[in-house]
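# Coordinates in review
Chain residues, written in single-letter form:
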Amino acid sequence: MLVRFTELEMSIRTTIALLDKDVDVLLPDEWLLAQKIKLVLQPMKELTDFISGEKYPSASSVIIFIQGIQEDLKELKTKKENHAVFGLMESLESELMMRVGSLEESSIFTNSTFLDPRYKNIFFSKEETADLTKKKITDLLEEEITLEARAQTSHSTSSRPETTISCTSSSASIPSVLWKRFDRISESYKTVGTSRSRAIAEVGRYLEEPLLDRNKNPLK
């Protein structure tokens with residue numbers, strides 16, 4: 001409403017001048033104040049519109065946008081503004097901190113940001129947050145790789161013929177127990193070691209790729 005109001009300033013002034021009734025009118029300083037308030041609130045409107053979208057991922061952008069608004073408010077506060085505008089910026093900063101707190105402590109938002117090829121680990125405010133998130137993603141990927149490897153191992157083991165040895169006391173062949181413990185431990189060790197190294201390598205390759213253009217869909 002404020003945007004529309006300021007856009008129609010000249011039309012409103014002209015209409016009021018043609019009225020035969022005494023009405024309260026905005027003074028030039030008040031029109032200027034309305035323009036400045038609009039500039040302060042514009043990023044909040046853009047954030048609300050973006051977060052409300054349904055055809056693109058939005059959680060991964062929350063940290064980036066909130067940090068952008070906070071940075072913009074700090075920059076605006078360095079300029080000499082009247083008391084009303086400064087008070088509005090103070091209130092916005094306070095409300096942002098109260099409502100969203102420290103988003104970089106939320107795994108949902110940090111993981112989403114890290115996995116968005118437009119952002120990755122570049123835009124976290126603290127290096128330790130980027131490192132911790134990288135470790136979390138690597139751990140999650142390792143778990144998935146391990147589960148997949150175990151499923152494949154279980155399938156191959158069930159379809160693989162058992163190792164047998166010939167008994168000297170009998171011509172019959174029986175399953176060998178000599179290799180049972182070796183097979184169990186070696187399969188487990190191989191799965192864990194390979195899963196970790198694969199996860200680290202996969203995350204490393206992901207981070208080495210250039211950032212995706214911010215106008216492109218990160219899901220494609």
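These figures come from a predicted structure and were not determined experimentally.

## Side note on the nonpolar core
Grouped together as the largest cluster of nonpolar side chains are 19 residues, with contacts concentrated most on Val-40, Ile-66, Leu-73, Met-89 and Phe-114. Elements supplying a minimum of two residues to this core: α3 (28-51), α4 (59-77), α5 (83-100), α7 (127-159) and α8 (180-208). The contacts of Ile-66, once residues within four sequence positions are left out, are Leu-47, Leu-96, Val-100 and Leu-103.

## Side note on the packing of α4 against α5
The geometry of α4 relative to α5 is characterised by a closest axis approach of 10 Å and an angle of 155° between their N-to-C directions. When the interaxial angle is binned, α4 and α5 end up roughly antiparallel. Where α4 crosses over α5, the handedness of that crossing is left-handed. Along the contact surface, α4 presents Ile-66, Ile-69, Gln-70, Leu-73, Lys-74, Leu-76 and Lys-77, while α5 presents Phe-86, Met-89, Glu-90, Leu-92, Glu-93, Leu-96, Met-97 and Val-100. In the contact of α4 with α5, the residues fall into ten nonpolar, one polar and four charged.

## Here we look at the confidence of the model for the protein
With 86% of its residues at a pLDDT of at least 70, the protein reaches an overall mean of 81. Averaged over each element, pLDDT in the protein is lowest for strand β1 (residues 164-166) (50) and highest for helix α6 (residues 107-115) (94).

## Points about the environment of Phe-65
With respect to the element layout, Phe-65 can be found in helix α4. In this structure Phe-65 comes out as partly exposed when scored by relative accessible area, which is 29%. In the structure, Phe-65 is positioned 22 residues away from Pro-43 in sequence and 8.9 Å away in space, judged by C-alpha atoms. Beyond its immediate chain neighbours, meaning those up to four positions away, Phe-65 contacts Leu-47 and Phe-50.

## Focus on the pattern of salt bridges
For side chains of opposite charge, pairing can occur when their charged atoms come near one another. The tally for this structure, following the rule as stated, stands at eight salt bridges. For Lys-77, the salt bridge goes to Glu-90, with nearest N and O atoms at 2.6 Å. Taken together, the residues span a long stretch of sequence, with Lys-77 in helix α4 and Glu-90 in helix α5 at a distance of 13 residues. Under the relative-accessibility criterion, Glu-90 is labelled partly exposed at 35%. The closest approach of N and O atoms between Glu-202 and Arg-205, which form a salt bridge, is 2.6 Å.

## Notes on α5
With 18 residues, α5 extends 26 Å between its outermost C-alpha atoms, agreeing within 8% with the 26 Å of an ideal straight helix rising 1.5 Å per residue. Buried within α5 are the following residues: Val-85, Met-89, Leu-92, Glu-93 and Leu-96. Down the axis, α5 shows its buried residues gathered within 95° of arc, on one side only. In α5, the exposed residues that point more than 90 degrees away from the buried face are His-83 and Met-98. Where α5 is buried, its residues touch α3 and α4. Looking one or two residues beyond α5, the residue adopting positive phi is Gly-101, at roughly 60°.

## Details of the packing of helix α2 (residues 9-18) against α3
The interhelical angle for the contact between α2 and α3, taken along N-to-C directions, is 150°, at an axis separation of 12 Å. In terms of their interaxial angle, α2 and α3 are classed as roughly antiparallel. Both α2 and α3 take part in a crossing whose hand is right-handed. On α3, the residues touching Glu-9, Ile-12 and Arg-13 of α2 are Pro-28, Trp-31 and Gln-35.

## Considering unusual backbone geometry
Within the chain, Lys-120 stands out as a residue other than glycine whose phi angle is a positive 55°. In this structure, Lys-120 sits in the loop between α6 and α7.

## Remarks on a nonpolar patch on the surface
A surface patch of nonpolar side chains, amounting to about 490 Å² of accessible area, comprises Val-177, Leu-178, Trp-179 and Phe-182. On the secondary structure map, Val-177 appears in the loop between β2 (173-175) and α8. Assessed through its relative accessible area of 61%, Val-177 is described here as exposed.

Definitions and cut-offs
Residues numbered from 1 in each chain as written. Predicted model: local features only at pLDDT ≥ 70, side-chain atom pairs only at ≥ 80, totals over all residues. Heavy atoms only, no water. Core = buried A, V, L, I, M, F, W, Y, C linked by side-chain atoms within 4.5 Å. Buried < 20%, exposed > 50% of the residue type's maximum accessible area, 1.4 Å probe, protein only. Helix = DSSP H or I, 4+ residues; strand = E, 2+ residues; numbered from the N terminus. Contact = heavy atoms within 4.5 Å. Axes fitted to C-alpha atoms, helices over the stretch in contact; angles between N-to-C directions. Parallel < 35°, antiparallel > 145°, perpendicular 65-115°, else oblique. Left-handed = near helix turned anticlockwise from the far one by under 90°. Nonpolar A, V, L, I, M, F, W, Y, C, P; charged D, E, K, R; others polar. pLDDT = per-residue confidence, 0-100. Salt bridge = Lys/Arg side-chain N within 4 Å of Asp/Glu carboxyl O. Expected span 1.5 Å × (residues − 1). Arc of directions from axis to C-beta. Patch = residues over 30% accessible without salt bridge, like charges linked within 9 Å, V, L, I, M, F, W, Y side chains within 5 Å. Areas by Shrake-Rupley, 256 points an atom, 1.4 Å probe, with all protein chains shown as cover.

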